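Working through the structure, step by step
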Amino acid sequence: MKAEIIATGTEILLGQTLNTSAHYLTGKLSELGIEVDYHTTVGDNPERLKKVIQQGIERSDLLMITGGTGPTEDDLSKELIAQIFGLNMILDPPSHEKIQEFFAMRGSQMPKTEEKQAYFPEGSQILPNHCGTAPGAIVQKNNKTIILLPGPPTEMEPMFKNYVWPFLEQTAQGDSARMYVRVMKVVGLGESELEETLRDFMGRHEPGMTLLCKHSEMHIRLVVRGDADEAAAILAQAESVIRERLGDKVFGTDEDTMLELVSKGLKKHRLTLATAESCTGGLLGAQLTQESGSSDFYLGGVISYSNALKEGLLGVSSQTLHHYGAVSAETAREMAAGIRERTQADLGISITGIAGPGGGSQEKPVGLVYIGLAASEGVKANKFQFHGSRDSIRQLTVQAALDWIRRYMLNSERG
């Protein structure tokens, strides 16, 4: 089955909106063994949009269109499909009623323009929208399948998951080899280092391997097509070999995130944590409090940007600051010990560094960061040299701090 994805919306062409839907849908279709041959983006122009849809219908078995299902005059996807296939537009009473209820719950009447969203090409399979007012639809005609989805990802993705995936899973059954994917997530290694370590995997067919550079981590994407049991065995064997080579540089798989794993680990080990940040300005604390239930382990933090606050709030000695400077292993250790002592946390973690773009020197360049960790076993500090923009350096620093907490808990488990 050959597929094509059309994204509608002038705002995408103007660069005002990022087309994340094409990325999401391509990944999902690939898992089903459905090849996506084309991505097309077209503005809200009826002539151009109609031409693009006609071209897609001619060359593809499956056409997925995002956007153009709403209430405004430039939402034309459904009407154009009806024109191309010679179908009437029919009111769907359940959709009409749901849109009316949507406005009634907000204490207002449904504007007449909103009624447009409840009309579909005759014979459509309606896809309910539980996150907005614009339903989607599946239209099948002349051995072609057209799937109409709302533009906003917050509406499109749940609709795809709940209704389109089951439909396509059944439709594609027997016509294509399913794709099974495992993503291994790595921290602390670059692309060239990974490629060298895993050189014998490069170019393999089973499993196929791709290295993906993310902002502060690397992803190893393993892909196998075919029988589910056989694919699971191949992926498990490959993962085992890669873990043996990379050790605890592999921090998770698939949907795992560093933050989620650290949060779960702190709860599991019943550990509390406090933070002392300088160059990251509270980013680590902000990350930790993104997780629901973070109050179970995170006690709080201090942003000690100035030397005076490092001394007054954290107890860093003036002699340390004078002899070694604010950006030093010695200062990082005293910051970590100070926040742990003052909050009575099990772990105190500190960050001090030069995020740039100014402030660096030959001895202490931009991107130099020290992270300290204070625990019952003692206080340590690690040195890091990051590169990139100010924001990049700060984000990399936060990821490194979270990773150290993760590795501390791993080492504790090992005894």
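Owing to the predicted nature of the structure, the values given are computational and were not obtained by experimental measurement.

Okay, the packing of helix α9 (residues 258–268) against helix α14 (residues 390–414) next. At a closest axis distance of 10 Å, the pairing of α9 and α14 adopts a crossing angle of 40°. Our classification of the angle between α9 and α14 gives oblique. In terms of crossing hand, the pair formed by α9 and α14 is left-handed. Where α9 abuts α14, its residues Met258, Leu259, Val262, Gly265, Leu266 and Lys268 lie against Gln399, Leu402, Asp403, Ile405, Arg406, Met409 and Glu413. Considering only residue class, the contact of α9 with α14 consists of seven nonpolar, two polar and four charged.

What follows is about the domain arrangement of the protein chain. When the domains of the protein chain are assigned, the result is domain 1 (2–172), domain 2 (179–253) and domain 3 (267–413). Each of domain 1 and domain 2 has a C-alpha centre, and the two are 35 Å apart.

Turning to the packing of aromatic side chains, a few remarks are in order. Considering all chains together, one arrives at four aromatic pairs under this definition. Both rings, one in Tyr24 and one in Phe160, keep their centres 5.9 Å apart while their planes meet at 80°; by these two values the pair is edge-to-face. Placement of the pair is Tyr24 in helix α2 (residues 20–31) and Phe160 in helix α6 (residues 153–172), with a sequence separation of 136 residues. There is no split in this pair, since Tyr24 and Phe160 are both buried.

Another aspect to go through is α6. Counted at 1.5 Å a residue, the expected span for α6 with its 20 residues is 28 Å, but the 24 Å between its end C-alpha atoms falls short. Taking the largest bend as the criterion, α6 deviates by roughly 45°, centred on Phe160. Taken together, the buried positions of α6 are occupied by Glu155, Met156, Met159, Phe160, Val164, Trp165, Phe167, Leu168 and Ala172. On its buried face, α6 sits against α2, β3 (62–66), β6 (125–127), β7 (136–141) and β8 (144–149).

Take the sheet that holds strand β2 (residues 35–42) next. Here six strands make up an open sheet; going across it, the order is β2-β1-β3-β8-β7-β6 and the pairing mixed. The open sheet is flanked by β2 and β6, the only strands paired with a single partner. Here the strands of the sheet are splayed against their neighbours by 15° on average, with no regard to which way each runs. For β6 and β7, the ladder comprises three bridges, and the chain directions are antiparallel. Considered in β7, the bridge of Gln125 is made with Ile138. Along the sheet face, helix α4 (residues 77–85) touches β1 (2–8), β3, β7 and β8 and points at about 160° away from the line of β8.

In the numbering used here, UniProt assigns the feature "domain: MoaB/Mog" (unreviewed entry) to residues 4–170. Helix makes up 41% of residues 4–170 and strand 23%, whereas the separation of the span's terminal C-alpha atoms amounts to 19 Å.

Of all hydrophobic cores here, the largest spans 33 residues; its most connected members are Leu266, Leu347 and Ile371. Mapped by element, the contributors of at least two residues to this core are α9, α10 (283–288), β15 (347–353), β16 (368–375) and α14. Considering each element in turn, this core owes the most residues, ten residues, to α14. When sequence neighbours within four positions are dropped, the list of residues in contact with Leu266 reads Leu271, Leu273, Phe297, Leu347, Ile405 and Met409. Membership of the second largest hydrophobic core comes to 22 residues, among which are Ile5, Ile138, Ile147 and Leu168.

Before going further, it helps to examine the pattern of salt bridges. For the structure shown, the criterion picks out 13 salt bridges. For Glu79, the salt bridge is made with Lys116, and the minimal N-O distance between the two is 3.3 Å. On the criterion of sequence distance, the pair formed by Glu79 in helix α4 and Lys116 in the loop between α5 (93–104) and β5 (119–121) is long-range, its members being 37 residues apart. You can call Lys116 partly exposed: its relative accessible area is 22%. As a salt-bridge pair, Arg245 and Asp200 come within 2.7 Å of each other at their nearest N and O atoms. On the criterion of sequence distance, the pair formed by Arg245 in helix α8 (residues 228–246) and Asp200 in the loop between α7 (191–197) and β10 (208–213) is long-range, its members being 45 residues apart. Look at Arg245 and you get partly exposed, because its relative accessible area is 37%. Because the salt bridges share partners, they merge into one network encompassing Arg182, Glu239 and Arg243.

The next thing to look at is the layout of surface pockets. Gaps left between atoms are located by rolling a probe of water-molecule size over the structure's atoms. Volume-wise, the largest pocket comes out at about 780 Å³. His23, Glu31, Val183, Arg221 and Glu255 are the residues nearest the centre of the largest pocket, which is lined by 18 residues in total. Those elements giving two or more residues to the lining of the largest pocket turn out to be α2, β9 (179–186) and β11 (218–225). When its residues are assigned to classes, the lining of the largest pocket shows four nonpolar, six polar and eight charged. Counting contributing residues per domain, the lining of the largest pocket is built from domain 1 (2–172) and domain 2 (179–253), each supplying no fewer than three.

For the rest of this paragraph, the subject is the environment of Phe167. With respect to the helices and strands, the residue Phe167 is situated in helix α6. Taking the C-alpha atoms as reference points, Phe167 and Gln125, 42 residues apart in sequence, are found 10 Å from one another. The contacts of Phe167, once residues within four sequence positions are left out, are Gln125, Ile138, Gln140, Thr145 and Ile147.

Cut-offs and rules
- Residues numbered from 1 in each chain as written.
- Predicted model: local features only at pLDDT ≥ 70, side-chain atom pairs only at ≥ 80, totals over all residues.
- Heavy atoms only, no water.
- Axes fitted to C-alpha atoms, helices over the stretch in contact; angles between N-to-C directions.
- Helix = DSSP H or I, 4+ residues; strand = E, 2+ residues; numbered from the N terminus.
- Parallel < 35°, antiparallel > 145°, perpendicular 65-115°, else oblique.
- Left-handed = near helix turned anticlockwise from the far one by under 90°.
- Contact = heavy atoms within 4.5 Å.
- Nonpolar A, V, L, I, M, F, W, Y, C, P; charged D, E, K, R; others polar.
- Domains from an automatic or database assignment.
- Phe/Tyr/Trp six-rings, centres within 6.5 Å; stacked < 30°, edge-to-face > 60°.
- Buried < 20%, exposed > 50% of the residue type's maximum accessible area, 1.4 Å probe, protein only.
- Expected span 1.5 Å × (residues − 1).
- Bend = angle between axes of the 7 residues up to and from the residue.
- Pairing = 2+ DSSP bridges.
- UniProt positions renumbered as here; feature names shortened; annotations may be inferred.
- Core = buried A, V, L, I, M, F, W, Y, C linked by side-chain atoms within 4.5 Å.
- Salt bridge = Lys/Arg side-chain N within 4 Å of Asp/Glu carboxyl O.
- 1 Å grid on protein atoms, 1.4 Å probe; cavity = no way out; pocket = protein on both sides within 12 Å on 5 of 7 lines; lining within 4 Å.
- Points joined across faces, edges and corners; volume = space filled by probe spheres on them.

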